[in-house]
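# Fold and contact review
One letter stands for each residue in the lines below.
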Amino acid sequence: MEISGDGAGNRVARLAGGRDQVGRARRLVSAALGRGHPRHDDCVLLTSEIATNAVVHSRSGDGGTFTVTVSCLPDRVRVCVEDDGSAEPPCAGHPLPNGSSQGGRGLPLLDLLADRWGLVREAGRNEVWFEVWSDGDRRAAALTHRRPAAWVRPTVAARGATSG
């Protein structure tokens, strides 16, 4: 696991696209937040879900890599997982390839536990992110109408325009 900073105070890890690396992504988030953070468990669980999606549903799991970025801001935490892309954009309810009924809950969990989350798809690559606020800020955020901030960017050739 290669962990670095990005100059803005974020912790960044580039991981091999194997299922065994999901645990490393969880440990990165746990270490960045500390166990005393009020939303520690939510952040670790959501990181596990989106990192698992990266290795199960994208080319990252076929010998590629994925990148986890953790931003600890004064009022919230933002975690982003970027994978090597897939033929189709991520969507809720993907069954696991082996037909197990244990899959397909990652994006619904994001909707339930994250205060904001989204998807950026650019040049076939997927970036799924989420934000959680501290408990006090979460109550205030719940009073506002929230929807996932998901969008798909066009291919690199048409980079100037975005849809949303």
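A few points on the structure. As the structure is a prediction and not an experimental result, all values here were calculated from the model. Residue numbers run consecutively from 1 along every chain, following the written order of its sequence. Whole-chain, interface and lining totals are the exception, using all residues; otherwise, since this is a predicted model, local features are given only for residues with pLDDT of at least 70 and side-chain atom pairs are given and counted only at 80 or more. Each side-chain value is derived from all of the structure's non-hydrogen atoms; neither hydrogens nor water enter the calculation.

## Quick notes on the pattern of salt bridges
- Think of a salt bridge as a Lys or Arg side-chain nitrogen and an Asp or Glu carboxyl oxygen that are within 4 Å of each other. Under the defined criterion, the tally for this structure stands at eight salt bridges.
- Residue Arg39 is joined to Asp115 by a salt bridge in which the shortest nitrogen-to-oxygen separation is 3.0 Å. Taken as a pair, Arg39 in the loop between helix 1 (22-33) and helix 2 (40-57) and Asp115 in the loop between helix 3 (106-113) and strand 5 (116-122) lie far apart in primary sequence, 76 residues in all.
- With a 1.4 Å probe rolled over the protein chains alone, any residue whose accessible area is under 20% of its type maximum counts as buried; one over 50% counts as exposed, and the rest are partly exposed. Asp115 gets classed as buried once you look at its relative accessible area, which sits at 4%.
- Glu131 serves as the salt-bridge partner of Arg76, at 3.5 Å between the closest nitrogen and oxygen. With Arg76 in strand 4 (residues 76-82) and Glu131 in strand 6 (residues 125-133), this residue pair connects regions lying 55 residues apart in the sequence.
- Note on Glu131: relative accessible area 4%, which makes it buried. Numbering of helices and strands starts at the N terminus; helices are DSSP runs of H or I of at least 4 residues and strands are runs of E of at least 2.

## Notes on unusual backbone geometry
- One non-glycine residue, Ala123, lies in the positive phi region at around 55 degrees.
- Its location among the elements puts Ala123 in the loop between strand 5 and strand 6.

## Topic: the packing of helix 1 against helix 2
- To define axes, lines are fitted to C-alpha atoms, for helices over the stretch in contact only, and angles between the resulting N-to-C directions are given on a 0 to 180 degree scale. Running from N to C, helix 1 and helix 2 point in directions that differ by 150 degrees, and their axes come no closer than 9 Å. Between helix 1 and helix 2, the crossing angle belongs to the class labelled roughly antiparallel. The two elements helix 1 and helix 2 cross, and the hand of that crossing is right-handed. Residue-level contacts link Val22, Ala25, Arg26, Val29, Ser30 and Leu33 of helix 1 to His40, Cys43, Val44, Thr47, Ser48, Ala51, Thr52 and Val55 of helix 2. Angles are sorted into four bins: roughly parallel if under 35 degrees, roughly antiparallel if over 145, roughly perpendicular if 65 to 115, and oblique for all others. Handedness of a crossing follows from how the near helix is turned relative to the far one, being left-handed for an anticlockwise turn of less than a right angle and right-handed for a clockwise one. By definition in these notes, contact holds between two residues if any of their heavy atoms fall within 4.5 Å.

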